[in-house]
Amino acid sequence: MIVTGGAGFIGSHLVDALIERGDEVLVIDNFSTGKRENVNPRAEVFQSDISRSMGVGYFNFKPAFSRYQSVDFVFHLAALPKVQYSLSHPKETNNANIDGTLNVIALAIKLNAKRLIYSSSSSIYGNQSILPLKEDMPVDPLSPYALQKFAAERYCQMLFKKTVCLRYFNVYGSRQSSGDSYSAVIGTFLRNSKMGAISTIYGDGEQTRDFTWVGDVVRANILAAESAKVGNGEIINIGGGKNYSVNQLAKMIGGLYHYQPARKGESRHTLADISKARELLYWEPTVDLPKGIAELKRL
């Protein structure tokens, strides 16, 4: 198994689950956002930037690949997953999210992978007048990041047919980033609550999000790799199937809050239709938001 971004939030949880099953795992990460302490010590690590022709250029002479003449599955999670950052740094995020994906596709082809599981994003949908969000809706990207994720999906479908694209809805859990201005909302709110700091709610707080527990996302990846019903470019929503307002989230976490104007590039409401995940992956979310927040507050 190969996991790009295996030192990151979701990727490191996936690596843990694969190793727990007894799989041999190679992590590819440049540690720009991922952390070495996240990486399971039983995983092999290849430090490299996927946007710099890692797959083809390094394959023939890097010792890390000497035992990987072929692989079963490539899980592609490496990205710059920052909506606001992409608005001010479209070139840098395009390099990571588009060029990087093309290089991972080339690597999957080179290694004759049985399947490529691509980590996509619900941000692709943008603002829609109808909820829940279904995979066959016309897309409406509101940021360079969302557009890059959509383009990367199409590249995967076009260049490597044995692909499954999983559109994640607001993943949260342990190891989530919380220390910078672009961090995910749950990690930031929890950190500030514990420190007694004031958190910022952008807009009126009535915007809603479908939050998804990281363990459920990990399980979806493994099912997407192994299901006999997929592997031909399918796009599948992975979400909790219920949405909550940011104000409701803030009340669950507790702490101090103030309001700032809404930010560009963000959808007003998200809610996943997960019927396709049920049908093709036999996947259901197991942890709802109140339970997940309670778990994180105990850490």
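The model shown is predicted, which means the values in this text are computed figures rather than measured ones.

Undergrad: Looking at this model, I keep getting lost on the pattern of salt bridges. Mind explaining?
TA: Pairs can form between side chains of opposite charge once their charged atoms are near each other. This structure, assessed with the given rule, holds ten salt bridges. Between D216 and R219 there is a salt bridge, with the nearest N and O atoms lying 2.9 Å from each other. Placement of both D216 and R219 in helix α7 (residues 214-226) is noted, with a separation of three residues, approximately one turn of the helix. Judged by relative accessible area, R219 falls into the partly exposed class, the value being 28%.

Undergrad: What am I meant to see in a nonpolar patch on the surface here?
TA: Taken together, the side chains of Y155, M158 and L159 present a nonpolar region at the surface, about 290 Å² in accessible area. Position of L159 relative to the elements: it lies in helix α5 (residues 144-159). Accessibility expressed as a relative area gives 42% for L159, which makes it partly exposed.

Undergrad: Even after reading the chapter, I still don't get the packing of helix α1 (residues 9-20) against α7, so can you show me in this structure?
TA: Where α1 contacts α7, the two axes come as close as 9 Å, and the packing angle between them is 60°. Here α1 lies oblique to α7, going by the angle between them. With respect to the hand of their crossing, α1 and α7 are arranged in right-handed fashion. Of the residues in α7, those touching α1 at F9, I10, H13, L14, A17 and L18 are V214, V217, V218, N221 and I222. A breakdown of the residues in the contact of α1 with α7 according to their chemical character gives nine nonpolar, two polar and no charged.

Undergrad: Hey, could you run me through the environment of P41 in this one?
TA: Relative to the assigned elements, P41 resides in the loop between β2 (26-29) and β3 (44-47). A residue is classified by how much of its surface remains accessible, and P41, at 79% relative accessible area, is exposed. The spacing of P41 and I19 is 22 residues in sequence and 9.9 Å in space, taken between C-alpha atoms.

Undergrad: Could you clarify how one ought to interpret the nonpolar core in this entry?
TA: In globular proteins that are soluble, nonpolar side chains generally tend to be buried together. Counting 42 residues, the largest nonpolar core has F75, L166, I236 and I238 as the members making the most contacts within it. The set of elements that each furnish at least two residues to this core consists of α1, β4 (73-76), β6 (163-168), α7, β11 (234-238) and α9 (275-281). In terms of residues, this core owes the most to one element, α7, which gives seven residues. In this view, L166 contacts I117, Y118, S119, S120, S121, A220, N221, A224, I236, I238 and L281; residues no more than four positions away in its chain are not counted. Judged by nonpolar contacts, the second largest core, of 22 residues, contains F46, L107, L111 and C156.

Undergrad: Is there a simple way to explain the pairing of β4 in this structure?
TA: Taken residue by residue, a regular strand's side chains alternate between the two faces of the sheet. The alternating pattern of β4 places F73 and F75 and V74 and H76 on opposite faces, both of which are buried. Inspection of the sheet shows strand β1 (residues 2-4) paired to β4 by three bridges, in the parallel sense. Opposite I2, over in β4, you have V74 as the bridge partner. The sheet contact formed by β4 and strand β5 (residues 115-121) spans four bridges and is parallel. For V74, the partnering residue across the bridge sits in β5 and is L116.

Undergrad: What is the right way to read α1 from this model?
TA: For an α-helix the count is 3.6 residues per turn, leaving residues at separations of three or four pointing the same way. Taking 1.5 Å per residue, twelve residues should reach 16 Å; α1 reaches 17 Å between its end C-alpha atoms and fits that length. Buried residues dominate α1, accounting for nine of its twelve residues. Turning to α1, its buried residues are F9, I10, G11, S12, H13, L14, V15, L18 and I19. Buried residues along α1 sit against β1, β2, β4, β6, β7 (171-172) and α7. G22 sits one or two positions beyond α1 and adopts a positive phi of about 100°.

Undergrad: Just to check I follow, could you spell out the sheet that holds β11 for this structure?
TA: Each strand in a sheet pairs with another by means of backbone hydrogen bonds, the pair being arranged parallel or else antiparallel. Strand order in the open sheet formed by seven strands is β3-β2-β1-β4-β5-β6-β11, with parallel pairing between adjacent strands. The outermost strands of the open sheet, each flanked by one partner alone, are β3 and β11. Pairs of neighbouring strands in the sheet enclose a mean axial angle of 20°, with direction left out of account. As paired elements, β1 and β2 share three bridges and run parallel to each other. Residue pairing for β2: T4 is matched across the bridge by I28. Packing of helix α4 (residues 90-110) onto the sheet brings it into contact with β1, β2, β4 and β5, and relative to β4 it is tilted by some 175°.

The rules we used
- Residues numbered from 1 in each chain as written.
- Predicted model: local features only at pLDDT ≥ 70, side-chain atom pairs only at ≥ 80, totals over all residues.
- Heavy atoms only, no water.
- Salt bridge = Lys/Arg side-chain N within 4 Å of Asp/Glu carboxyl O.
- Helix = DSSP H or I, 4+ residues; strand = E, 2+ residues; numbered from the N terminus.
- Buried < 20%, exposed > 50% of the residue type's maximum accessible area, 1.4 Å probe, protein only.
- Patch = residues over 30% accessible without salt bridge, like charges linked within 9 Å, V, L, I, M, F, W, Y side chains within 5 Å.
- Areas by Shrake-Rupley, 256 points an atom, 1.4 Å probe, with all protein chains shown as cover.
- Axes fitted to C-alpha atoms, helices over the stretch in contact; angles between N-to-C directions.
- Parallel < 35°, antiparallel > 145°, perpendicular 65-115°, else oblique.
- Left-handed = near helix turned anticlockwise from the far one by under 90°.
- Contact = heavy atoms within 4.5 Å.
- Nonpolar A, V, L, I, M, F, W, Y, C, P; charged D, E, K, R; others polar.
- Core = buried A, V, L, I, M, F, W, Y, C linked by side-chain atoms within 4.5 Å.
- Pairing = 2+ DSSP bridges.
- Expected span 1.5 Å × (residues − 1).

None of the figures reported here should be taken as evidence of function without further support.
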